[in-house]
Amino acid sequence: MENQFQTLENSEDVLSLEENPGNLFIQHPMLKISVLLQKLKCTVLGINISSWNHESYQDRKKWLNEGLECEVLKLGEKQWQKGKLRVNVTLEFCPDQIESPLDDIRQMRLQDSD
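The paragraphs below set out a description of the structure included in this document. Worth saying up front: this structure is predicted, and the values here are computed from it rather than measured.

Reading the values: rules and limits
Residues numbered from 1 in each chain as written. Predicted model: local features only at pLDDT ≥ 70, side-chain atom pairs only at ≥ 80, totals over all residues. Heavy atoms only, no water. Helix = DSSP H or I, 4+ residues; strand = E, 2+ residues; numbered from the N terminus. Buried < 20%, exposed > 50% of the residue type's maximum accessible area, 1.4 Å probe, protein only. Contact = heavy atoms within 4.5 Å. Areas by Shrake-Rupley, 256 points an atom, 1.4 Å probe, with all protein chains shown as cover. Salt bridge = Lys/Arg side-chain N within 4 Å of Asp/Glu carboxyl O.

1. A word on the overall build of the protein chain
Helix and strand content of the protein chain: three helices and six strands. Out of the 114 residues in the protein chain, the part that is buried amounts to 15%. Counting only contacts in the protein chain whose residues sit at least 6 apart along the sequence, the fraction spanning at least 24 positions is 32%. Within the structure as shown, the protein chain displays about 9,900 Å² of accessible surface, and the carbon and sulfur contribution to it stands at 49%.

Set out below in structure tokens:
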């Protein structure tokens, strides 16, 4: 069974990072998901987190909210397609596989049935 990444959706959940290479986004290893998401969004937009609510950055926030008008020319297509482009910042978590004490018994039963 493979590990599967799942989107972390509850912004009130708390993360405790075991490593933070180069203190890239955060200074403290324990924080709420909402705080990390906001810091990531600020980094993407080039906004200081203390300026997040400042009106002068509303145009930049369009990348995250309603999107920007654009055209896309897809490989193999002959015409440009009009639409909107939006950046979505999500966090995904892949839990470590937990081995059950019964796994050894199941493995032995499988070997016995061969």
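2. Let's talk about the environment of L37
Inspection of the secondary structure puts L37 in helix α1 (residues 33-45). For L37, a relative accessible area of 16% translates into the label buried. Through-space distance from the C-alpha of L37 to that of L91 is 7.5 Å; in sequence the pair is 54 residues apart.

3. A look at the pattern of salt bridges
Side chains that differ in charge, positive against negative, can pair when their charged atoms come close. Tallying each qualifying case throughout the model produces three salt bridges. Two residues, E12 and K32, come together in a salt bridge whose shortest N-O distance is 2.8 Å. With E12 in the loop between β1 (6-7) and β2 (14-16) and K32 in strand β3 (residues 30-32), this residue pair connects regions lying 20 residues apart in the sequence. Given the relative accessible area of 33%, K32 is considered partly exposed. One salt bridge in this structure joins K62 and D59, with 3.7 Å as the shortest N-O distance. Residue classification places D59 among the exposed residues on the basis of a relative accessible area of 56%.

Read these as geometric descriptors, not functional statements.
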